[in-house]
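Coordinate analysis (summary)
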Amino acid sequence: MTSSHTDCRYCLQSLRGRKYALREENAYCVTCYDSLFANPCEECKQPIECDSKDLSYKGRHWHERCFKCAKCSRSLVEKPFAAKDEILLCTECYSDEYSSKCFHCQKTIMPGSRKMEFKGSSWHESCFVCQYCRQPLGTKPLITKDNENYCVPCFEKQFAHHCYSCKKVITSGGVTYHDQPWHKECFVCAGCNTQLCGQRFISKDEHPYCVDCFSKLYAKKCASCKKPITALGGAKFISFEDRQWHGECFNCAKCCVSLVGQGFLTRQDDVLCHKCGSA
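Residues numbered from 1 in each chain as written. Predicted model: local features only at pLDDT ≥ 70, side-chain atom pairs only at ≥ 80, totals over all residues. Heavy atoms only, no water.

1. Regarding the domain arrangement of the protein
You can read the domains of the protein as domain 1 (20–88), domain 2 (97–159), domain 3 (175–216) and domain 4 (237–278). In this structure, domain 1 and domain 4 have C-alpha centres spaced 111 Å apart. (Domains from an automatic or database assignment.)

In structure tokens, the structure reads:
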């Protein structure tokens, strides 16, 4: 521009009829302005003179001709770009070098596009959908089966087991009894409602019972000790006519010798060894 100012602020030479530059309302000849204020170019290290376009990014400056991709050298002027370790790259080169690939479609997730992260993998937002209804999952609760993601309603509709007792969905854990799924908290004794998961139990008419309830309700009583005979753990018991004994209780009523596997005699309600029965 031509000047109405009289002299250069720095060298004091006349600016009449010469180009000049203004800074904070002070006029400088072009030579003085460039030596005092021109920014050095990040690429060529030469000053960016006042008659050149100064492109800046995060406090750094480039000539227009120097503002280019560090890998393919294409100009980045008025184009999208990305920075890695202070190096400028066009989006294509950045994607080739650093961008993650979508777990679903295996295509690059371009810089600036929204990326979903799940179980250590990256997804395009448009690829991160329910496998069944194809609706975006976003940050909604989901369940994974065979490397496919499902929203909770679709997973329950397609795969979830329903508790035989309460009919509600079993989302985790559970037990199987008579080929039917149960919540752990629903698998209880039919007699006292005590939870049976991890406990010994006995089945009767397709209903589970804890040992105590089964013994009280159904187990036969030992003719000797009067306690229930449950036969748990493979315990042996002896049956004769309409009476039963624990194996360890089947003894001679007189001398207490074990009668298991031995001949015996009966006298009223007693069982006797041959020796005592013949005396």
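2. Considerations on the UniProt feature "domain: LIM zinc-binding" (unreviewed entry) in the protein
Here, the residues flagged by UniProt with the feature "domain: LIM zinc-binding" (unreviewed entry) are residues 39–99, 100–161 and 220–279. With 11% helix and 26% strand, residues 39–99 has end C-alpha atoms that lie 32 Å from one another. (UniProt positions renumbered as here; feature names shortened; annotations may be inferred. Helix = DSSP H or I, 4+ residues; strand = E, 2+ residues; numbered from the N terminus.)

3. Structural notes on the pairing of strand E10 (residues 148–151)
Note that strand E9 (residues 142–145) and E10 share four bridges and pair antiparallel. Bridge pairing in E10 links Thr144 to Asn149. What sits between the antiparallel neighbours E9 and E10 is a turn of two residues, in which Asp146 has the positive phi angle 50°. (Pairing = 2+ DSSP bridges.)

4. Here's the deal with the pattern of salt bridges
Under the criterion given, the structure shown has four salt bridges. Of the charged contacts in the structure, one is a salt bridge between Glu117 and Lys115, with a shortest N-O distance of 3.4 Å. (Salt bridge = Lys/Arg side-chain N within 4 Å of Asp/Glu carboxyl O.)

5. Regarding the side chain of Ser122
In this fold, Ser122 is placed in strand E8 (residues 121–124). Polar side-chain contacts of Ser122 include one of 3.1 Å to the side chain of Glu117. Those residues in contact with Ser122 that lie beyond four places of it in its chain are Ser100, Lys101, Cys102, Phe103, Ile109, Lys115, Met116 and Glu117. (Polar contact = N/O pair within 3.5 Å; in protein donor to acceptor, adjacent residues only side chain to side chain. Contact = heavy atoms within 4.5 Å.)

6. Things to note about helix H1 (residues 30–37)
Buried residues of H1: Cys32, Tyr33 and Asp34, and no others. Considering only its buried residues, H1 is in contact with strand E1 (20–23) and strand E2 (26–29). (Buried < 20%, exposed > 50% of the residue type's maximum accessible area, 1.4 Å probe, protein only.)

7. Thoughts on the packing of aromatic side chains
Using the criterion set out here, one finds 21 aromatic pairs in the structure. When the centroid spacing of 5.0 Å and the interplanar angle of 55° are considered together, the rings of Trp245 and Phe250 count as tilted. Judged by relative accessible area, Trp245 falls into the buried class, the value being 4%. The exposure class assigned to Phe250 is buried, which follows from its relative accessible area of 2%. Between the NZ or CZ atom of Lys145 and the centre of the ring of Phe159, over which it lies, the distance is 5.2 Å. Looking at Lys167, its charged tip hangs above the ring of Tyr164, at a distance of 4.8 Å from the centre. (Phe/Tyr/Trp six-rings, centres within 6.5 Å; stacked < 30°, edge-to-face > 60°. Lys NZ or Arg CZ within 6 Å of the ring centre and 35° of its normal.)

8. Focus on the environment of Gln131
For Gln131, the position within the fold is in the loop between E8 and E9. Expressed as a C-alpha distance, the spacing of Gln131 and Thr144, which sit 13 residues apart in the sequence, is 9.7 Å. The contact partners of Gln131, leaving out residues within four places of it in the chain, are Glu148, Asn149 and Tyr150. Within the structure, the side chain of Gln131 is placed 3.4 Å from the side chain of Arg134, a separation counted as a polar contact.

9. Focus: the state of the cysteines
According to the stated counting rule, one finds zero disulfides in the structure shown. Cys213 supplies the cysteine sulfur nearest to Cys210, a cysteine that is in no disulfide, at a spacing of 3.5 Å. As a non-bridged cysteine, Cys252 has Cys255 as the owner of its nearest cysteine sulfur, 3.7 Å distant. (Disulfide = S-S within 2.5 Å.)

10. A short note on the nonpolar core
Trp62, Phe67, Cys69 and Leu76 are the most contacted members of the largest nonpolar core, which has 15 residues in total. Looking at this core, the elements that each hand over two or more residues are strand E6 (87–90) and helix H2 (91–97). Among the elements that make up this core, the one with the highest residue count is E6 (three residues). Excluding anything up to four places from it in sequence, Leu76 contacts Phe67, Lys68, Cys69, Phe81, Leu88, Leu89 and Cys90. (Core = buried A, V, L, I, M, F, W, Y, C linked by side-chain atoms within 4.5 Å.)

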